[in-house]
Amino acid sequence: MDAMQQNIDLESLSLEELKSLQKDVTKHIENYEVRKRNEAARKTAEFAAQFGFSLDELAGVTKTRARRSLPPVKPKYRNPDDASVTWSGRGRKPIWLEAKLAEGAMVEDFLIENE
């Protein structure tokens, strides 16, 4: 018997049976949506393939390459006011260095000697 033809007497069901039925219906609705989405994706991919494209190409999706991790860089400059604060010389100058340069110091004044 088809599910549409079944007549369920909801009035005769207990609360536990109603909740179980509700849970089953929710699960079937979610499965239905997944099946329909997958079917639409499959048909769309087949249609795109007829023209020599993939779905990613049509959607403008680009594949990203994993970025390789770079080894840590040794510090090249040290703050004379706080020896624990250093800068590698890469990227934006730290605030402490900008302040010292504004006072007339040279970047070379803060070079860390070979340790």
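Residues numbered from 1 in each chain as written. Predicted model: local features only at pLDDT ≥ 70, side-chain atom pairs only at ≥ 80, totals over all residues. Heavy atoms only, no water.

A.B. asks: Which residues make up a nonpolar patch on the surface, and what values do they have?
C.D. replies: Among the surface-exposed residues, Phe 47, Phe 51, Phe 53, Leu 55 and Leu 58 lie close enough to one another that they form a single nonpolar patch of about 530 Å² accessible area. Tracing the chain through its elements places Phe 53 in the loop between α1 (15-50) and α2 (55-59). Among the residues examined, Phe 53 registers a relative accessible area of 43% and is labelled partly exposed. (Patch = residues over 30% accessible without salt bridge, like charges linked within 9 Å, V, L, I, M, F, W, Y side chains within 5 Å. Areas by Shrake-Rupley, 256 points an atom, 1.4 Å probe, with all protein chains shown as cover. Salt bridge = Lys/Arg side-chain N within 4 Å of Asp/Glu carboxyl O. Helix = DSSP H or I, 4+ residues; strand = E, 2+ residues; numbered from the N terminus. Buried < 20%, exposed > 50% of the residue type's maximum accessible area, 1.4 Å probe, protein only.)

A.B. asks: Lay out the nonpolar core in plain terms, naming residues and giving numbers.
C.D. replies: Core analysis: the biggest nonpolar cluster contains six residues, these being Tyr 77, Trp 87, Trp 96, Leu 97, Val 107 and Phe 110. Here Trp 96 is in contact with Tyr 77, Arg 78, Asn 79, Pro 80, Val 85, Trp 87 and Phe 110, once residues within four sequence places are set aside. (Core = buried A, V, L, I, M, F, W, Y, C linked by side-chain atoms within 4.5 Å. Contact = heavy atoms within 4.5 Å.)

A.B. asks: Describe the environment of Arg 78, listing the residues and the values that go with them.
C.D. replies: Here Arg 78 lies in strand β1 (residues 77-79). Taking the C-alpha atoms as reference points, Arg 78 and Asn 38, 40 residues apart in sequence, are found 58 Å from one another.

A.B. asks: Now, about the pairing of strand β2 (residues 82-87): what can you tell me, with residues and values included?
C.D. replies: Across a regular strand the side chains alternate sides, sitting on one face of the sheet and then on the other. Examined bridge by bridge, β1 and β2 share three bridges and lie antiparallel to one another. In the sheet register, Tyr 77 faces β2, and the bridge partner there is Trp 87. In this antiparallel pair of consecutive strands, β1 and β2, the connection spans two residues. (Pairing = 2+ DSSP bridges.)

A.B. asks: Kindly report on the packing of aromatic side chains, identifying the contributing residues and their values.
C.D. replies: One pass over the full model with this rule turns up three aromatic pairs. Both rings, one in Phe 47 and one in Phe 51, keep their centres 5.3 Å apart while their planes meet at 65°; by these two values the pair is edge-to-face. The exposure class assigned to Phe 51 is exposed, which follows from its relative accessible area of 55%. (Phe/Tyr/Trp six-rings, centres within 6.5 Å; stacked < 30°, edge-to-face > 60°.)

A.B. asks: I'd like a rundown of α1, residues and numbers included.
C.D. replies: With 36 residues, α1 ought to run about 52 Å at 1.5 Å a step, and its terminal C-alpha atoms sit 53 Å apart, in line with that. Just downstream of α1, Gly 52 is the residue with a positive phi angle, here 85°. (Expected span 1.5 Å × (residues − 1).)

A.B. asks: So what's going on with the pattern of salt bridges? Residues and values would help.
C.D. replies: With the rule as written, the count across this model stands at four salt bridges. Residue Glu 39 is joined to Lys 36 by a salt bridge in which the shortest nitrogen-to-oxygen separation is 3.7 Å. In this pair, Glu 39 and Lys 36 both sit in helix α1, three residues apart, roughly one turn of the helix. Across the pair Arg 42 and Glu 46 runs a salt bridge whose closest N-O atoms are separated by 3.0 Å. A residue pair is termed a helical-turn pair when its members lie 3 or 4 positions apart in one helix, as Arg 42 and Glu 46 do in helix α1 at four residues. The exposure class assigned to Arg 42 is partly exposed, which follows from its relative accessible area of 44%. Ionic contacts of the salt-bridge type, sharing partners, join the residues Lys 36, Glu 39 and Lys 43 into one network.

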